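Here is what each chain is made of, one letter per residue.
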Amino acid sequence: MDYNRENVIKEVHKYTNGRGADIIMDMVGEKTATDALDMLAFNGHLVSIVDFPDLTQYQPKSIAPSIHEVALGFVYRTDDEYQKADLGKMAREIGKLAEENKIDPLLEEEILLEDVPETLHKIKKGHVRGKIVARIS
């Protein structure tokens, strides 16, 4: 879905016959995590990588969401060797998928290093669909 041309919330409900999604992984920020609450099915799971949703916008006891924080790098601040090993396992599995070209990073554009400041402004304004890679020569 192209969030610039479509109402993602309506499209998710249309696609799920009004039920909503069981799991949503938000990797953008507070606004999109907050919007995700309107797309969840009852007892749905919201996995937040960047920011938590603004729960003041949530009607209590309406969908009973389960909100999960993912803070992968912070496992190294603990003494939990099991969690560190699990993170390593995930990294190896993702690396294997990348090696097999089974991950589509939605690369939108490749830019030169000197174009980074201008491109960051585009990203901040929400005018980017996929990933942008800066080439450093």
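Structure report, in brief. Everything quoted here is computed from the prediction, not taken from an experiment.

### Description of unusual backbone geometry
Piece 1. Despite not being glycine, N43 has its phi angle at roughly 65°, a positive value.
Piece 2. By the element assignment, N43 lies in strand β2 (residues 40-48).
Piece 3. Among the residues examined, N43 registers a relative accessible area of 46% and is labelled partly exposed.
Piece 4. The backbone phi angle of A64 is positive, close to 50°, even though this residue is not glycine.
Piece 5. Mapping A64 onto the fold places it in the loop between β2 and β3 (66-69).

### Structural notes on the side chain of D26
Piece 1. Within the fold, D26 resides in strand β1 (residues 21-26).
Piece 2. Within the structure, the side chain of D26 is placed 3.1 Å from the backbone nitrogen of G29, a separation counted as a polar contact.
Piece 3. Not counting residues within four places of it along the chain, the set of residues in contact with D26 comprises T32, A33, L46, V47, S48, I49 and V50.

### Overview of the pattern of salt bridges
If charged atoms from side chains of opposite charge come close, those side chains can pair.
Piece 1. Scanning the entire structure with this criterion turns up nine salt bridges.
Piece 2. Linking K31 and D35 is a salt bridge whose minimum nitrogen-to-oxygen distance equals 2.9 Å. Separated by four residues within a single helix, K31 and D35 lie in helix α2 (residues 30-37), roughly one turn from each other.
Piece 3. By relative accessible area, K31 is classed as exposed at 60%.
Piece 4. Of the charged contacts, one joins E81 and K84 as a salt bridge, the two residues approaching to 3.5 Å between their closest N and O atoms. With E81 and K84 both in helix α3 (residues 81-99) and three residues apart, this pair spans about one turn of that helix.
Piece 5. We classify E81 as exposed; its relative accessible area is 53%.
Piece 6. It is possible to trace a salt-bridge network through shared partners that takes in K96, E100 and K102.

### A short note on the environment of Y58
Piece 1. Summarising the element assignment, Y58 is placed in the loop between β2 and β3.
Piece 2. Expressed as a C-alpha distance, the spacing of Y58 and D35, which sit 23 residues apart in the sequence, is 9.8 Å.
Piece 3. Residue contacts for Y58: discarding those within four places in its chain leaves L37, I63, A64 and P65.
Piece 4. A polar atom in the side chain of Y58 sits 3.5 Å from the backbone nitrogen of A64.

Quick notes on the rules
- Residues numbered from 1 in each chain as written.
- Predicted model: local features only at pLDDT ≥ 70, side-chain atom pairs only at ≥ 80, totals over all residues.
- Heavy atoms only, no water.
- Helix = DSSP H or I, 4+ residues; strand = E, 2+ residues; numbered from the N terminus.
- Buried < 20%, exposed > 50% of the residue type's maximum accessible area, 1.4 Å probe, protein only.
- Polar contact = N/O pair within 3.5 Å; in protein donor to acceptor, adjacent residues only side chain to side chain.
- Contact = heavy atoms within 4.5 Å.
- Salt bridge = Lys/Arg side-chain N within 4 Å of Asp/Glu carboxyl O.

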